[in-house]
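# Inside the fold
Chain by chain, the residues:
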Amino acid sequence: MIAEIGLAALWLAAALAVLQMVSGAFALKAAEGEVNPLAIYARPAAVVQAALAVLAFVMLLYAFAVTDLSIKLVASNSHSMKPFIYKLTGTWGNHEGSMLLWVGVLALSGGMLAAFERRLPERTMGATLAVQGFVALGFYAFLLLSSNPFERLPVPAAEGSGLNPLLQDIGLAIHPPTLYAGYVGLSVAFSLAMGALLTREVNPAFARVMRPWVLGAWVLLTFGITAGSYWAYYELGWGGWWFWDPVENASLMPWLAATALMHSVSVLAARDALRTWTIMLGVLAFSMSMLGTFLVRSGVLTSVHAFAVDPERGAFILGLLGLYIGGAFTIFALRAGAVAEGKRFAVTSREGALVFNNVMLSAILAIVLLGTLYPLLTEAFDVRVSVGPPYFNPASAIFAIPMFLVMAVGPLLRWRSDKPARIQFEMLLLASLLIAVIALVSFFGSYPFLPLLGLGLAAALAVAAVLPLRGRKLARVPVATWGMVLAHFGVAVALFGMACEGAFSEERLAAVAPGGTEQIGDFAVTLESVAPVAGPNWTAIEARLAVRQDGGAPVLLNPQARSFWSPPQSTSESALLTKWNGQLYAVIGNQAEDGRWQIRLWWKPFVTFIWYGGLLIALGGILSIAGRVRVDVKRRAAIAKGAQRRADLDALGGVPAPVPAE
Amino acid sequence: MKAKHQRLILVIIALLAIVGAGLLAAWSLRNQANYFYLPEQMASDPPEVGQAVRLGGMVKAGSITTMPDGVTVDFMVTGNTADAIPVRYSGILPDLFVENSGVVAEGSLGPDGVFVATNLLAKHDENYVPKELEGMGTEQAAKMASETTVGLKP
């Protein structure tokens, strides 16, 4: 019954998406200040649809929890012997389940928008919900017609075939749902942008409605990418944190667009500039998340971690992509001219700096996009290439470096118009800091240029991030400003971690007999023994490594080489020793014929700062949202108070009441 | 400056940056793309010494030898023809690196004609076949998939 309830809920939800779309579209027919009688169904349709989509997902979750082997998806992706937590996370560790999760989050965010958003004009709201319904409908069609998660097997399977062991990790339990929520949050930004474009209501009030959605999606994407990077770092056993893999790029591209969008929507909300640019970025950001879904789901790209791929489904998503993005850009082209112009600003101003960084982000996005799609293009001519770090690193650095420079001075500039001479001192300070750090570090050794520049930029950015707080009463600084300071400081921290990893990492690879010792950094690593161990659904050989720092007390590290039996596959479980100033990373390899074991060790100074930085950036975003919400609540309270006072005045027959002293 | 002009300038700057990014990308993709070679391609038209490329093929049976240091491995990679490229790799071998299995080696050709790999990508899950080898033709690909895949049901 469970599967049938889930399937029925999905079909009903799809029907409601149609209702939402049609009803919402009627809102556009209403006159100014009125509500079309047929438009009132859009909000309830969105809310009920959200409940149904969540119900469908819970049904699938339940089917995985009890390992219902009569359902094809469960049988092919789960196993009765699997640890319970991975039975649950296995729900979205496959194509159908992750698409159901995607649709569930999409419907949920649409429902939340419909239920709680009361500030938008009804016409814009209706148009927004219509677009949201249209987007949802496409994905319902995709699920129901080509990837039904609830399909039954004619005969229940005796046992499931298990889950890819690389996915049996807590990192994979949190990473995809956060990324998806981020992707899908951008769908709301997209719908809002289209709604506002259709009704020509692009103004600061609209931007204030859109901003929390953009910020929320951006925070989730930041967190998801950070978690994904750390997962790849410890789970693949390669010791790297970013591989420019198409699947990683698929999440980076929407993040780049969302970062630009977040900044431009803030300018629109606060300063009423960048109206059409914001709308365009809204369309672009969601296009990138759709494209990401297409790249990951279609199997058109070779990737070390492209899961659950199927070219036929790729065609379906490509169709959706063309329909939505093509449609959106067509409407954009037709309507952009009709959007009233925003306020003007000089080139040297806070807005100017933001525009510059927006453009740089877009350029990096273009670099990543072209590099990711290039193998696809050449394959059409039967030339197979793969594009990697030798392309991505320098090409993106060319635009990232000026972006970081402007990012340092931008927040010091005034809105509207400013003179560069006013911040001469700060610019000199930052420039000398940049040069001093590079000179100092290169004095102690010869390092590659990019990590050196990264270190200098990190130092300058860290100082620049806190400069806007100078001379202000800290208790009075708005929470949203703290958010910006923290996020920018997080960029400096992450950059510092990346540069250190690039410049100072030490690596040691050796075949070691039990009892033998290897030296790396300040550490003496002794291989005490290698022994077999067993887990719930795997066996492994585990090394006991005693790590002594400067002859101190030993710490044990236990890297494993695991073998899973269903599906039969091996993984490397790295072991990490985390210190405040870096990580020791250990992997065990094969046994050589003479009995020695291959051991790979890395000492990575400050590598953890990469992810601390990511978390700080996300935290900055959260503070920003919290600050905005607080201001909104206060503003609403003030408006309500004013209305109450006017009502009281009216009740007194227009006699002015004495103003209470405050 | 009139508002119209300012907008126009902004749009032009944005377009220039994007087009610049595109041109830069196109240029570096021509020069720096991490090219993928099959063994027969590498034998007939070898890349420049030191250029970052990828070599994809099958690990030749009986060709894996481990050097005395215990961590350097020499092996031959074959493709659809008899050509075989010697590869040297120092590092921990991927979990599923075995004879007759599909492998993608990242690295560059040395002056002595040995391909020095900095990274080996073996198949990553039970269904993984290097996509670049799919051009082998269905029969061959199916044969290779069954040969290189542990536990794949026929």
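Throughout, residues of each chain are indexed from 1 in the direction in which the sequence is written. Whichever chain is written first is A, and whichever ligand is written first is 1; the rest continue in order. Given that this is a predicted model, residues contribute local features only at a pLDDT of at least 70 and side-chain atom pairs are listed and counted only at 80 or more, while totals for whole chains, interfaces and linings are drawn from all residues. Processing note: side-chain calculations cover all non-hydrogen atoms of the structure and skip hydrogens and water entirely.

### Brief notes about the overall build of chain A
- Starting at the N terminus, helices and strands are each numbered in turn, a helix being any DSSP run of H or I of at least four residues and a strand any DSSP run of E of at least two. Looking only at helices and strands, chain A has 17 helices and 11 strands in total.
- Our radius of gyration is a C-alpha quantity, and the globule rule it is checked against amounts to 2.2 Å times the number of residues to the power 0.38. The C-alpha atoms of chain A give 27 Å as radius of gyration, which agrees with the globular expectation for 662 residues (26 Å, within 12%).
- Across its three principal axes, chain A shows a C-alpha extent of roughly 100 × 75 × 60 Å.
- Categorising residues by exposure relies on relative accessible area from a 1.4 Å probe, with only protein chains included: less than 20% of the type maximum marks a residue as buried, more than 50% marks it as exposed, and the intermediate range marks it as partly exposed. Counting all 662 residues of chain A, 57% fall into the buried class.
- Working definition of accessibility: Shrake-Rupley area with a 1.4 Å probe, residue cover restricted to the visible protein chains. When the accessible surface of chain A is split by element, carbon and sulfur atoms take 67% of a total near 26,800 Å².
- Computing the positive centroid from 45 side-chain charges and the negative centroid from 38, chain A places the two 13 Å apart. When charges are tallied, Lys and Arg are placed among the positive residues and Asp and Glu among the negative ones, while His and the ends of the chain are skipped. To locate a charge, take atom NZ for lysine, CZ for arginine, CG for aspartate or CD for glutamate.

### Considering the overall build of chain B
- Helix and strand counts for chain B stand at three helices and seven strands.
- Secondary structure elements of chain B occur, N-terminal to C-terminal, as α-β-α-β-β-β-β-β-β-α.
- Counting all 154 residues of chain B, 48% fall into the buried class.
- Should any heavy atoms of two residues lie within 4.5 Å, those residues are counted as being in contact. Put simply, of all contacts in chain B between residues at least 6 apart along the chain, 50% involve residues at least 24 apart.
- Carbon and sulfur atoms form 59% of the exposed surface of chain B, whose accessible area is close to 7,800 Å².

### Quick notes on the packing of aromatic side chains
Residues and elements named next belong to chain A.
- What counts as a ring pair is set by centres within 6.5 Å for rings of Phe, Tyr and Trp (its six-membered ring), and what kind of pair is set by the plane angle: stacked under 30 degrees, edge-to-face over 60, tilted for all other angles. Under the counting rule described, the total for this entry stands at 27 aromatic pairs over all chains.
- Judged by centre distance (5.5 Å) and plane angle (80°), the rings of phenylalanine 443 and phenylalanine 444 are edge-to-face. The two residues phenylalanine 443 and phenylalanine 444 agree in class, both being exposed.
- Among the aromatic residues, ring-to-ring pairing joins Tyr230, Tyr233, Tyr234, Tyr585, Trp602 and Trp611 into one connected group.
- Above the ring of tryptophan 538, the side-chain terminus of arginine 562 is found at 3.8 Å from the ring centroid. By definition, being over a ring means that NZ of Lys or CZ of Arg is both within 6 Å of the ring centre and within 35 degrees of the ring normal.

### Details of the nonpolar core
Residue and element names in this part refer to chain A.
- Put simply, buried Ala, Val, Leu, Ile, Met, Phe, Trp, Tyr and Cys residues joined by side-chain atoms within 4.5 Å make one nonpolar core. With 186 residues, the main nonpolar core has Phe139, Tyr140, Phe206, Met210 and Phe404 as its most contacted residues.
- Here the element with the most residues in this core is helix α8 (residues 204-235); it accounts for 16 residues.
- Dropping the residues within four chain positions of it, methionine 210 is found in contact with Ala189, Leu192, Ala193, Leu261, Val265 and Gly282.
- Core analysis: the next-biggest nonpolar cluster, separate from the first, contains 20 residues, Phe523, Leu545, Leu557 and Ala561 among them.

### A few points about the environment of valine 18 of chain A
Residues and elements named next belong to chain A.
- Take valine 18: it is sitting in helix α1 (residues 2-26).
- When its relative accessible area of 35% is taken as the criterion, valine 18 is described as partly exposed.
- When the C-alpha positions of valine 18 and phenylalanine 134 are compared, they lie 7.3 Å apart, and in sequence the two are 116 residues distant.

### Examining the pairing of strand β4 (residues 523-534) of chain A
All names here are of chain A.
- When DSSP finds at least two bridges between two strands, those strands are taken to pair. Pairing of strand β3 (residues 517-520) with β4 involves four bridges; the strand directions are antiparallel. Looking at β4, one finds that threonine 517 is bridged to threonine 526.
- Joining the antiparallel neighbours β3 and β4 is a turn of two residues, in which glycine 521 adopts a positive phi near 55°.
- Where β4 meets strand β5 (residues 538-549), 11 bridges bridge the pair, whose relative direction is antiparallel. Looking across to β5, one finds that proline 532 is bridged to isoleucine 541.

On their own, these measurements won't tell you what the molecule is for.
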